[in-house]
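Chain and residue survey
Here are the chains, one letter per residue:
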Protein chains: 2
Amino acid sequence: MKVAKFGGSSVASAEMLEKVANIIKSDAKRKIIVVSAPGKRHPEDTKVTDLFIRLGEQFISGQAIEDTLGKISDRFLSITSELNLSDDIVLRIKNETRRLLNETSNSSLLLDSLKAMGEDSLARVLSAYLNHVGLEATYVNPKDAGIIVSEEPGSAQILEKSYSQIYNLRNREGILVIPGFFGYSEKGTLMTFSRGGSDITGSIVAAGVQADLYENFTDVSSVYCVNPFIVNNPKEISSLTYREMRELSYAGFSVFHDEALIPAFKANIPVCIKNTNDPSAMGTMIVAKKEDNGQPVVGIASDKGFSSIYVRKYLMNREIGFGMHLLNILVEEGISFEHAPSGIDDMSVIIRSDQLTQEKEEILNSRIKNELKADTISIIHGLAMIMLVGEGMSHRVHVASKATKAIAKAGVNIDMINQGSSEVSMMFGVQEKYLDQTVQHLYNEFFIS
Amino acid sequence: MKVAKFGGSSVASAEMLEKVANIIKSDAKRKIIVVSAPGKRHPEDTKVTDLFIRLGEQFISGQAIEDTLGKISDRFLSITSELNLSDDIVLRIKNETRRLLNETSNSSLLLDSLKAMGEDSLARVLSAYLNHVGLEATYVNPKDAGIIVSEEPGSAQILEKSYSQIYNLRNREGILVIPGFFGYSEKGTLMTFSRGGSDITGSIVAAGVQADLYENFTDVSSVYCVNPFIVNNPKEISSLTYREMRELSYAGFSVFHDEALIPAFKANIPVCIKNTNDPSAMGTMIVAKKEDNGQPVVGIASDKGFSSIYVRKYLMNREIGFGMHLLNILVEEGISFEHAPSGIDDMSVIIRSDQLTQEKEEILNSRIKNELKADTISIIHGLAMIMLVGEGMSHRVHVASKATKAIAKAGVNIDMINQGSSEVSMMFGVQEKYLDQTVQHLYNEFFIS
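Residues numbered from 1 in each chain as written. Chains lettered and ligands numbered in written order. Predicted model: local features only at pLDDT ≥ 70, side-chain atom pairs only at ≥ 80, totals over all residues. Heavy atoms only, no water.

Under an unreviewed UniProt entry, the name given to chain A is Aspartokinase, and the source organism is Halalkalibacillus sediminis. Looking at the Catalytic activity (unreviewed entry) heading of the UniProt record, one finds this comment for chain A: "L-aspartate + ATP = 4-phospho-L-aspartate + ADP". (UniProt positions renumbered as here; feature names shortened; annotations may be inferred.)

This is the structure we're talking about:
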């Protein structure tokens with residue numbers, strides 16, 4: 001049995017839904033379908049979920065909602081009419097929206113219910129359309145599917161007990177179409193997951209029913225081994241492990257919500273990233289273990305926007321607790337750190353720059369100076385991080401050598417190297433202005449030559 | 001004006017003291033001499049300070065001391081008789097020791113006073129011998145020299161106010177011979193520095209009198225660029241900066257007590273390491289700044305005996321404070337860490353293995369598991385650290401590349417790379433069994449080819 005999840009761009013229009021139906025039809029094992037709300041049809045388009053959020057905010061601030069509601073129903077109407085389906089669903093959206101606005105006093109619960117309407121309505125449309133093309137299909141509400149979540153509007157967490165209930169979906173006849181993005185609390189109140197939550201639903205359902213495969217249909221044929229905005233026509237990754245995926249998703253690899261895959265990973269369900277527009281392409285498999293193919297590096301992740309807080313104090317290494325106190329100041333200031341390379345008398349802490357403001361920097365400066373009696377403190381911005389990822393690199397002597405040679409060839413100075421905790425990654429820090437050339441040279445070294 | 005300090009091996013015998021006198025005689029600028037207690041004359045010999053410690057411990061535990069006192073006086077007697085000096089000093093040692101044993105009730109103060117007798121007596125011997133060979137020389141007691149320290153027997157700290165008093169030594173006539181290793185509290189009680197404390201006295205006096213040069217005479221002609229027990233006949237370092245010295249002294253470079261040099265460093269006094277047995281050799285200069293000679297790496301330090309505590313937890317990077325909490329557990333268990341490389345979901349802490357016992361490991365395991373809810377914890381022993389040091393490497397792109405290439409050539413896997421905090425060092429972790437071959441290849445790469 002396969003669980004197939006279709007993302008927003010895969011269900012954005014009637015034309016896309018026809019492709020989705022063909023994909024489902026072509027493989028009888030695709031028994032459980034999880035859908036997003038209609039996404040963008042073109043770059044200037046608005047996602048249906050964003051329209052629902054706008055409508056909710058308009059209502060809460062006392063503005064007219066009719067224009068927005070009209071846009072939402074037009075969006076669905078264009079789908080149902082092109083697919084020759086009844087417009088009952090469009091009518092239902094209007095009525096249900098008005099009912100929610102009238103009956104829900106708590107504004108976070110109202111927003112959650114409105115946001116969920118995009119997925120919910122699309123699941124109803126797809127189920128009707130699958131019936132229309134001769135497949136036995138049923139819309140299954142998440143409550144009915146057994147998706148029980150914590151009482152946290154907008155950031156609900158799945159409850160462990162859900163999985164045994166979800167397992168029972170295996171006994172249902174025909175194709176089941178489940179809207180992604182939300183579940184119900186034990187009290188029966190609708191709660192959404194965090195943004196990107198259709199991926200969470202897909203992964204939870206795949207784990208619950210113990211699927212043979214969880215297919216994640218999106219608008220790319222596979223995961224690239226490097227950011228395609230940096231390297232032209234990069235190679236595709238045919239297979240990677242959960243650990244590699246997790247490391248790659250750290251920076252730049254935003255094909256999907258990586259944390260969403262955790263339920264599937266924990267249940268050992270293989271995941272396949274596939275393209276709705278090119279379903280015959282192999283896609284990228286994400287698996288627990290894979291055979292060593294002699295390729296030490298599977299992908300290169302990179303991102304800009306890091307800063308370094310450098311602290312120097314003579315005899316630092318004799319002071320038990322210096323590092324801890326430094327990190328504690330960061331914790332107290334609400335700053336999470338990425339890396340903390342240290343020398344004998346100095347320590348640097350690499351953080352995401354968006355956590356710093358001018359004011360915050362001044363606070364850090366004065367706290368580190370006063371509380372730690374540091375000799376020197378400097379905060380440097382404009383750092384980029386590059387991560388080489390691959391299960392094969394833990395015991396390959398030559399990876400560090402090849403990587404540093406490639407960076408030297410790019411004419412770039414390495415500001416930081418961090419290797420030694422994760423067995424599947426190696427991290428380099430360079431100045432942002434050198435990021436592209438560094439990544440290009442690393443790509444050439446590990447994927448071309 | 002120069003301050004010259006002679007270490008234990010330089011004053012171990014009459015023959016050595018003759019060399020010392022010749023060195024002093026050969027340069028009229030050598031006005032202030034600081035001495036250690038007589039050290040070992042051959043590998044099986046016992047240092048005079050260790051004899052004094054044994055004597056003190058025997059007395060405290062109610063054992064007979066005569067045999068040990070006999071050994072001490074014989075040791076000095078052989079020096080004075082060979083140098084044709086009066087044996088007053090030997091008599092004084094016996095009387096003074098007995099007086100101390102009778103009059104000092106506090107055992108830490110007694111031990112401190114006994115330990116200091118080695119340096120004190122040798123300073124008296126040398127001063128007498130310098131007079132004997134026709135030089136104007138005076139023994140100067142540290143109290144008289146103005147060395148005022150904190151009230152901490154065995155680990156006294158210099159008080160800032162000492163420096164202005166020490167400055168007055170400039171006005172004294174002739175050569176001044178000051179025993180190293182101890183000072184006096186404001187109450188006038190004798191207190192020793194930590195072990196190796198003659199270096200501390202030398203450095204303090206050099207800073208206090210604002211010497212043109214602080215000469216540290218020992219038994220090597222200079223500092224080697226790599227451990228001579230690993231590499232045969234390694235090159236000598238002619239000049240290095242304070243920062244380089246500090247980084248190199250971190251592991252393996254135990255030519256002297258590196259922290260002892262801090263007073264000299266802070267006062268910007270150049271330091272020269274010289275060989276009592278070969279005073280015409282250039283030695284190694286340690287200076288605040290030096291010219292870039294195009295050599296990025298000045299030395300390679302290395303040491304064994306490290307362990308790694310590896311902690312993995314899914315989604316660790318989303319948890320603000322995880323790293324801090326981990327380090328806090330170490331602080332609470334009294335463990336200081338050397339490095340803490342981190343991945344996205346894992347963190348390793350590198351520590352000196354001698355801080356761990358079986359019991360301590362179990363405590364750490366259970367605290368990290370229970371308090372941090374870590375998924376995996378593993379403690380690995382048998383790591384070695386190798387540090388490349390050089391002011392020239394901060395902006396030389398090729399250092400990391402050359403180093404990793406050399407390690408690859410040695411056929412050794414790199415377990416850890418830490419670069420990015422200190423501008424003058426780069427650290428590699430390898431398994432202990434690979435240490436020698438790694439260091440040899442790095443030496444070949446940076447010093448031979």
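Quick notes on the pattern of salt bridges
Applying the stated criterion to the full structure yields 49 salt bridges over all chains. Here Glu371 of chain A makes a salt bridge to Arg367 of chain A, at a shortest N to O gap of 2.8 Å. Placement of both Glu371 of chain A and Arg367 of chain A in helix H12 (residues 358–372) is noted, with a separation of four residues, approximately one turn of the helix. By relative accessible area, which is 46% here, Glu371 of chain A ends up partly exposed. Taking the relative accessible area as the measure of exposure, Arg367 of chain A reaches 15% and is therefore buried. One salt bridge connects Glu244 of chain B with Lys290 of chain B, and the closest N-O pair in it is separated by 3.2 Å. With Glu244 of chain B in helix H9 (residues 242–248) and Lys290 of chain B in the loop between strand E12 (284–287) and strand E13 (299–312), this residue pair connects regions lying 46 residues apart in the sequence. For Lys290 of chain B, a relative accessible area of 28% gives the class partly exposed. Bridged by salt links that share partners, the residues Glu332, Glu333, Lys360, Arg367 and Glu371 of chain A form one connected network. (Salt bridge = Lys/Arg side-chain N within 4 Å of Asp/Glu carboxyl O. Helix = DSSP H or I, 4+ residues; strand = E, 2+ residues; numbered from the N terminus. Buried < 20%, exposed > 50% of the residue type's maximum accessible area, 1.4 Å probe, protein only.)

Looking at the packing of helix H11 (residues 322–332) of chain A against H12 of chain A
All names here are of chain A. The contact between H11 and H12 brings their axes to 11 Å, and the two run at 145°. For the pair H11 and H12, the sense of crossing is right-handed. Two secondary-structure elements touch here, H11 through Phe322, His325, Leu326, Ile329, Leu330 and Glu332 and H12 through Leu364, Arg367, Ile368, Glu371 and Leu372. By residue class, the composition of the contact of H11 with H12 is seven nonpolar, one polar and three charged. (Axes fitted to C-alpha atoms, helices over the stretch in contact; angles between N-to-C directions. Left-handed = near helix turned anticlockwise from the far one by under 90°. Contact = heavy atoms within 4.5 Å. Nonpolar A, V, L, I, M, F, W, Y, C, P; charged D, E, K, R; others polar.)

A look at the interface of chain B and chain A
On the side of chain A, 58 residues touch chain B, which itself brings 59 residues to the contact. The contact between chain B and chain A buries some 5000 Å² in all, and 56% of this surface belongs to carbon and sulfur atoms. Its salt-bridge partner being Asp345 of chain B, residue Arg246 of chain A comes within 2.6 Å of it at the nearest N-O pair. Linking chain B with chain A are seven residue pairs in polar contact (both at pLDDT 80 or more). Those elements giving two or more residues to the side of chain B that touches chain A turn out to be H9, helix H10 (262–266), E13, helix H11 (322–332), strand E14 (337–339), strand E15 (346–352), helix H13 (398–409) and strand E17 (416–419) of chain B. Per-element tally for the side of chain B that touches chain A: the top contributor is H13 of chain B, with seven residues. Here the side of chain B that touches chain A is built from residues that sort into 24 nonpolar, 22 polar and 13 charged. As paired strands, strand E17 (residues 416–419) of chain A and E17 of chain B are joined by three bridges and run antiparallel to one another. Counterpart to Gln419 of chain A in the pairing with E17 of chain B is Ile417 of chain B. (Buried area = accessible area lost by both parts, 1.4 Å probe. Polar contact = N/O pair within 3.5 Å; in protein donor to acceptor, adjacent residues only side chain to side chain. Pairing = 2+ DSSP bridges.)

Some thoughts on the packing of aromatic side chains
Residues and elements named next belong to chain A. Counting across every chain of the model gives eight aromatic pairs over all chains. Taken together, a centroid distance of 3.9 Å and an interplanar angle of 25° make the contact between Tyr242 and Phe265 stacked. In this pair, Tyr242 sits in helix H9 (residues 242–249) while Phe265 sits in helix H10 (residues 262–266), placing the two residues 23 residues apart along the sequence. Judged by its relative accessible area of 9%, Tyr242 falls in the buried class. Ring geometry for Tyr443 versus Phe447: centroids 5.5 Å apart, planes at 20°, classification stacked. Of this pair, Tyr443 and Phe447 both sit in helix H14 (residues 435–448), separated by four residues, roughly a single helical turn. (Phe/Tyr/Trp six-rings, centres within 6.5 Å; stacked < 30°, edge-to-face > 60°.)

Concerning the nonpolar core
Grouped together as the largest cluster of nonpolar side chains are 152 residues, with contacts concentrated most on Leu169, Val205 and Leu388 of chain A together with Leu169, Val205 and Leu388 of chain B. Setting aside chain neighbours within four positions, we find Leu169 of chain A in contact with Ile32, Val140, Ala145, Leu176, Ile178, Val205 and Val209 of chain A. Counting residues in each nonpolar core, the second largest holds 44 residues, with Leu327, Ile329, Leu364 and Ile368 of chain A among its members. (Core = buried A, V, L, I, M, F, W, Y, C linked by side-chain atoms within 4.5 Å.)

Here we look at the packing of helix H2 (residues 48–60) of chain B against helix H4 (residues 88–103) of chain B
All names here are of chain B. Contact geometry for H2 and H4: axes closest at 12 Å, N-to-C directions at 35°. Considering the relative orientation of H2 and H4, their crossing is right-handed. Counted together, Phe52, Leu55 and Phe59 of H2 and Ile93, Thr97 and Leu101 of H4 form the full contact between these two elements. Of the residues in the contact of H2 with H4, the class split is five nonpolar, one polar and no charged.

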